[in-house]
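# Remarks on the overall topology
The primary structure of each chain is shown beneath.
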Amino acid sequence: MAQFIDTFTTFLFQYIVVWMLLGAGLFLTLRYGFVQLRRLPEAFRAMVAQQSAAVGGALTPFQAFMTALGASIGTGNIAGVATAIISGGPGALFWIWVYGFVATAVKFTEAVLAIRYREGEGDTLRVGPMYYLRDGLKSPWLASTFALVAGVGALTTTPFTQPNSIALALDSVF
């Protein structure tokens, strides 16, 4: 059974998930006219501009950028790059850069959807994939399924990734 699961997950991620993510990123890159390059100067200007105090609980552009980076870059990404280079050699770094470039269009799309379908009540702001799946796609069952899977994933996989990476680093040092 373990061999079947290993074979199935390898097939799923090597031949389906990776190509779907790369394809979606490439499609969105072309659809938005290389938004990663067109809006880069504007992004840098907004990030380093004189920051005013946050109004009504909103984040400044720099705070929003740092929050997004904190949510996107973590121990798993750092350990993942190291693992990819060890497993695939320096060529893996090229493909990480390629995917990182097209994934920027995916992240842009996610940010636009999050702004479009967010809900606010007083000082509380609710936003995320659950809301644009429910309101944008008009699919409450998909939104609930996503929330359930994300919740289970956050409780089961995330707490194990960081301690595992730390333990492997300490084991290699000592």
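Cut-offs applied
- Residues numbered from 1 in each chain as written.
- Predicted model: local features only at pLDDT ≥ 70, side-chain atom pairs only at ≥ 80, totals over all residues.
- Heavy atoms only, no water.
- Helix = DSSP H or I, 4+ residues; strand = E, 2+ residues; numbered from the N terminus.
- Buried < 20%, exposed > 50% of the residue type's maximum accessible area, 1.4 Å probe, protein only.
- Contact = heavy atoms within 4.5 Å.
- Lys, Arg positive; Asp, Glu negative; His and termini not counted.
- Charge placed at Lys NZ, Arg CZ, Asp CG, Glu CD.
- Axes fitted to C-alpha atoms, helices over the stretch in contact; angles between N-to-C directions.
- Parallel < 35°, antiparallel > 145°, perpendicular 65-115°, else oblique.
- Left-handed = near helix turned anticlockwise from the far one by under 90°.
- Nonpolar A, V, L, I, M, F, W, Y, C, P; charged D, E, K, R; others polar.
- Expected span 1.5 Å × (residues − 1).
- Phe/Tyr/Trp six-rings, centres within 6.5 Å; stacked < 30°, edge-to-face > 60°.
- Lys NZ or Arg CZ within 6 Å of the ring centre and 35° of its normal.

### Focus: the overall build of the chain
Counting its regular elements, the chain contains nine helices and two strands. The helix and strand sequence of the chain, counted from the amino end, reads α-α-α-α-α-α-β-β-α-α-α. Its C-alpha atoms put the chain at 50 × 40 × 40 Å along the principal axes. The buried share among the 174 residues of the chain stands at 13%. For the chain, restricting intrachain contacts to residue pairs at least 6 apart in sequence, the fraction spanning at least 24 positions comes to 41%. Taken as two groups, the 10 positive and 8 negative side-chain charges of the chain have centres that lie 13 Å from each other.

### So, the packing of helix H8 (residues 140-156) against helix H9 (residues 158-173)
Helix packing for two helices is described by the angle between their axes and how far apart those axes are. Axis separation between H8 and H9 bottoms out at 3 Å; the angle between their running directions is 30°. The angle between H8 and H9 falls in the class roughly parallel. Taken together, the residues of H9 that come into contact with H8 (itself represented by Gly 153, Ala 154, Leu 155 and Thr 156) are Thr 158, Pro 159 and Phe 160.

### As for unusual backbone geometry
Located in the positive-phi region is Phe 34, a residue other than glycine, with phi close to 55°. With respect to the helices and strands, the residue Phe 34 is situated in the loop between helix H1 (2-31) and helix H2 (35-38).

### Focus on the side chain of Ser 139
When you line up the elements, Ser 139 lands in the loop between helix H7 (129-136) and H8. Setting aside anything within four residues of it in sequence, one finds Ser 139 in contact with Leu 133 and Arg 134.

### Points about the packing of H1 against helix H6 (residues 91-116)
At a minimum axis distance of 8 Å, the contact between H1 and H6 shows a crossing angle of 65°. Our classification of the angle between H1 and H6 gives roughly perpendicular. Relative to H6, H1 is oriented so that their crossing is left-handed. On the side of H1, the interface is formed by Leu 21, Leu 22, Ala 24, Gly 25, Leu 26, Leu 28 and Thr 29, while H6 contributes Val 98, Tyr 99, Phe 101, Val 102, Ala 105, Val 106 and Thr 109. Here the contact of H1 with H6 is composed, by residue class, of eleven nonpolar, three polar and no charged.

### Let's talk about H6
End to end, H6 covers 38 Å across 26 residues, agreeing with the expected 38 Å (1.5 Å per residue, within 8%). Here H6 has its buried residues at Ala 92, Val 102, Ala 103, Ala 105, Thr 109 and Ala 114.

### Points about the packing of aromatic side chains
A complete count under the given rule lists five aromatic pairs for this structure. Ring geometry for Phe 94 versus Trp 95: centroids 5.1 Å apart, planes at 75°, classification edge-to-face. For Trp 95, a relative accessible area of 52% translates into the label exposed. Here Arg 116 stacks its cationic end above the ring of Tyr 117, 4.9 Å away from the centre of that ring.

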